[in-house]
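Chain and residue survey
The primary structure of each chain is shown beneath.
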Amino acid sequence: MVGCGNSVLSENLYDVGHHNITNIDISDVVVRQMTERNKEQRPDMKYLKMDALNVSFFGLFISTSKERNLS
């Protein structure tokens, strides 16, 4: 999820069975807090510090952008 912030959307998606979720946010604080908050209940969910304008893996951005209607 691009610009995940501290939203529960990806947590809710994980809880209903979508486990291949990578969240990105520009904030170190958000990434650290969300990683800690989800490490035990949602061990497969990833949080990365990344700028959505400089995504280092293009496929993720396209997939997530379409879901959130950012394209």
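Above this text is the structure in question.
Described below are features of the structure shown in this document. (Residues numbered from 1 in each chain as written. Predicted model: local features only at pLDDT ≥ 70, side-chain atom pairs only at ≥ 80, totals over all residues. Heavy atoms only, no water.)

1. Considering the environment of S10
- In this structure, S10 sits in helix α1 (residues 9-15).
- The contact partners of S10, leaving out residues within four places of it in the chain, are M1, I21, N23, M45 and Y47. (Helix = DSSP H or I, 4+ residues; strand = E, 2+ residues; numbered from the N terminus. Contact = heavy atoms within 4.5 Å.)

2. Things to note about the nonpolar core
- Listed in full, the nine residues of the largest apolar core are M1, C4, Y14, I21, V30, V31, M34, M45 and Y47.
- A per-element tally of this core places helix α2 (residues 28-38) first, with three residues. (Core = buried A, V, L, I, M, F, W, Y, C linked by side-chain atoms within 4.5 Å. Buried < 20%, exposed > 50% of the residue type's maximum accessible area, 1.4 Å probe, protein only.)

3. Side note on the pattern of salt bridges
- All chains considered together, the criterion is met by three salt bridges.
- Here E11 makes a salt bridge to R37, at a shortest N to O gap of 2.8 Å. Remark: R37 occurs in helix α2 and E11 occurs in helix α1; sequence separation between them is 26 residues.
- Residue classification places E11 among the buried residues on the basis of a relative accessible area of 5%.
- Taking relative accessible area as the criterion, R37 reaches 40% and is therefore assigned partly exposed.
- Two residues, R42 and D15, come together in a salt bridge whose shortest N-O distance is 2.9 Å. In this pair, R42 sits in the loop between α2 and β2 (46-49) while D15 sits in helix α1, placing the two residues 27 residues apart along the sequence.
- The buried category is assigned to R42, whose relative accessible area is 9%. (Salt bridge = Lys/Arg side-chain N within 4 Å of Asp/Glu carboxyl O.)

4. Notes on the pairing of strand β1 (residues 22-25)
- Alternating residues of β1 divide into T22 and I24 and N23 and D25, and every residue in both groups is buried.
- The pairing of β1 with β2 spans four bridges and is classified as parallel. The residue bridging D25 from the neighbouring strand is K49, located in β2.
- As a crossover connection, the stretch from β1 through α2 into β2 is right-handed. (Pairing = 2+ DSSP bridges. Right-handed = clockwise from strand over helix to strand, strands pointing away.)

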